[in-house]
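Understanding the architecture of this molecule
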Amino acid sequence: MKEMVHQSVLEVVQGDITQQDTEAIGNAANSRLAGGGGVDGAIHRAGGPTIMADLRAKYTGCPTGSAVITGGGNLKAKYVLHAVGPIYSGSPKDAQLLSSAYRTCLELCTQHQISAIAFPSISTGVYGYPVEEASRVALKTVKDYLKGHPEIKLVRFVLFDSKTYSVYEEALKELTKTE
Ligand code: AR6
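Sequence positions are assigned chain by chain, starting from 1 and proceeding in written order. Residue-level local features of this predicted model are given only where pLDDT is at least 70; pairs of side-chain atoms are given and counted only at 80 or more, and the full residue set underlies all totals for whole chains, interfaces and linings. Working from all heavy atoms in the structure, the side-chain values ignore hydrogens and water.

1. Concerning the site of the ligand
Put simply, the rule reads: Throughout this document, a residue counts as near a molecule or strand when at least one of its heavy atoms sits within 4 Å of that molecule or strand. Here a polar contact is recorded for every N or O atom pair within 3.5 Å, except that within protein the pair must consist of a potential hydrogen donor and a potential acceptor, and residues adjacent in sequence are included only if both atoms are side-chain atoms. Per-residue accessibility takes into account occlusion by the displayed protein chains alone, with areas from the Shrake-Rupley method and a 1.4 Å probe. Here a cavity means grid points, on a 1 Å grid over the protein atoms only, where a 1.4 Å probe fits yet cannot get out; a pocket means an open set of points with protein on both sides within 12 Å along at least five of seven lines; lining residues are those with an atom within 4 Å of a point. In this description, a molecule resides in a pocket or cavity if more than half of its atoms sit within 2 Å of the grid points defining it. Here the term charged refers only to Asp, Glu, Lys and Arg, the term nonpolar to Ala, Val, Leu, Ile, Met, Phe, Trp, Tyr, Cys and Pro, and the term polar to all other amino acids, Gly among them.
Close to the ligand lie 21 residues; Asn 30, Val 39, Asp 40, Ser 123 and Gly 125 are nearest. Between an oxygen atom of the ligand and a side-chain N or O atom of Asp 40, the distance comes to 2.7 Å. One of the backbone N or O atoms of Gly 125 is found 2.8 Å from an oxygen atom in the ligand. When the free accessible area of the ligand is taken as 710 Å², the share hidden by the protein chains comes to 89%. Here the ligand is seated within the largest pocket. A per-class count over the shell around the ligand returns nine nonpolar, 10 polar and two charged.

The structure is reproduced here in structure tokens:
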């Protein structure tokens, strides 16, 4: 499913983030930037050891709600944006932190002249964020950013399983209806 947000494309697909040919992909990292399971593990496996070497050389960590950039190693993507989403707690701060994790990635795209990025569903695996809530925060944050930033031409959400995909698809439809 895809829609235009001003001059940009916002897309929701089912698939594997490690296979995307967008200039950048997002990663759901932890604040120690230590690697792990889930999408983080998959990205480091597919991209090879240079991604971790790049992280170690440039950063000692990353606060929750922020993101850092590395090269993409063996991935098709030239860059990986390692975003740290919140561990879900049920407080209103969760949404602020999740939104700022996505927003920081988009700001890094603007700074590095990256015009296309694919995101996984940050925080909705091990970090326990309910997909319904997280999808609304993610899509709203991206839509709001795209409205003021035509330099970003494509944002694609790549959802690993069909259930998560359906929730994002529904959230995008709802968001479009209510705007
Ligand atoms: N492509 C796209 N999405 C994927 C892929 C893939 N190849 N693999 C998994 N997902 P999670 P979090 C989905 O747990 O909740 C790590 O250990 C997955 O189905 O990867 O932010 C980090 O190091 C789910 O929908 O990230 C952190 O410690 C989504 O990606 C912690 O987990 C996010 O699930 C971060 O937890």
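2. Things to note about the packing of helix α1 (residues 38-47) against helix α2 (residues 50-58)
Axis angle and axis distance: for two packed helices, these are the angle between their axes and the distance between the axes, and together they describe the pair. Condition: Axis lines are fitted through C-alpha atoms, for helices just across the contact stretch, and the angle between N-to-C directions can take any value from 0 to 180 degrees. Numbered from the N terminus, helices here are DSSP runs of H or I no shorter than four residues, and strands are runs of E no shorter than two. Orientation labels follow simple angle bins: below 35 degrees gives roughly parallel, above 145 gives roughly antiparallel, 65 to 115 gives roughly perpendicular, and whatever is left gives oblique. Here, two residues are considered to be in contact whenever any of their heavy atoms come within 4.5 Å of each other.
In contact at an axis separation of 7 Å, α1 and α2 are set at 110° when each is read in the N-to-C sense. Taken together, the axes of α1 and α2 lie roughly perpendicular to each other. Taken together, the residues of α2 that come into contact with α1 (itself represented by Ile 43, His 44 and Gly 47) are Thr 50, Ile 51, Met 52 and Leu 55. Residues belonging to the contact of α1 with α2 are distributed by class as follows: four nonpolar, three polar and no charged.

3. Considerations on the environment of Met 1
Summarising the element assignment, Met 1 is placed in the segment before β1 (2-5). Placed 168 residues apart in sequence, Met 1 and Glu 169 show a C-alpha to C-alpha distance of 6.9 Å. Setting aside residues up to four positions removed in sequence, Met 1 forms contacts with Leu 10, Glu 11, Val 12, Tyr 165, Glu 169, Leu 172 and Lys 173.

4. Some words on the sheet that holds strand β6 (residues 116-119)
Rules: Each pair of strands is called paired provided DSSP finds at least two bridges between the two strands.
If you walk across this open sheet you meet the seven strands as β1-β2-β7-β6-β3-β5-β4, and the pairing is mixed. One side of each edge strand has no neighbouring strand; the edge strands of this open sheet are β1 and β4 (67-71). When strand polarity is set aside, the average angle formed by the axes of neighbouring strands in this sheet is 25°. Running over the sheet, α2 touches β4 and β5 (79-84) and is turned about 125° from β4.

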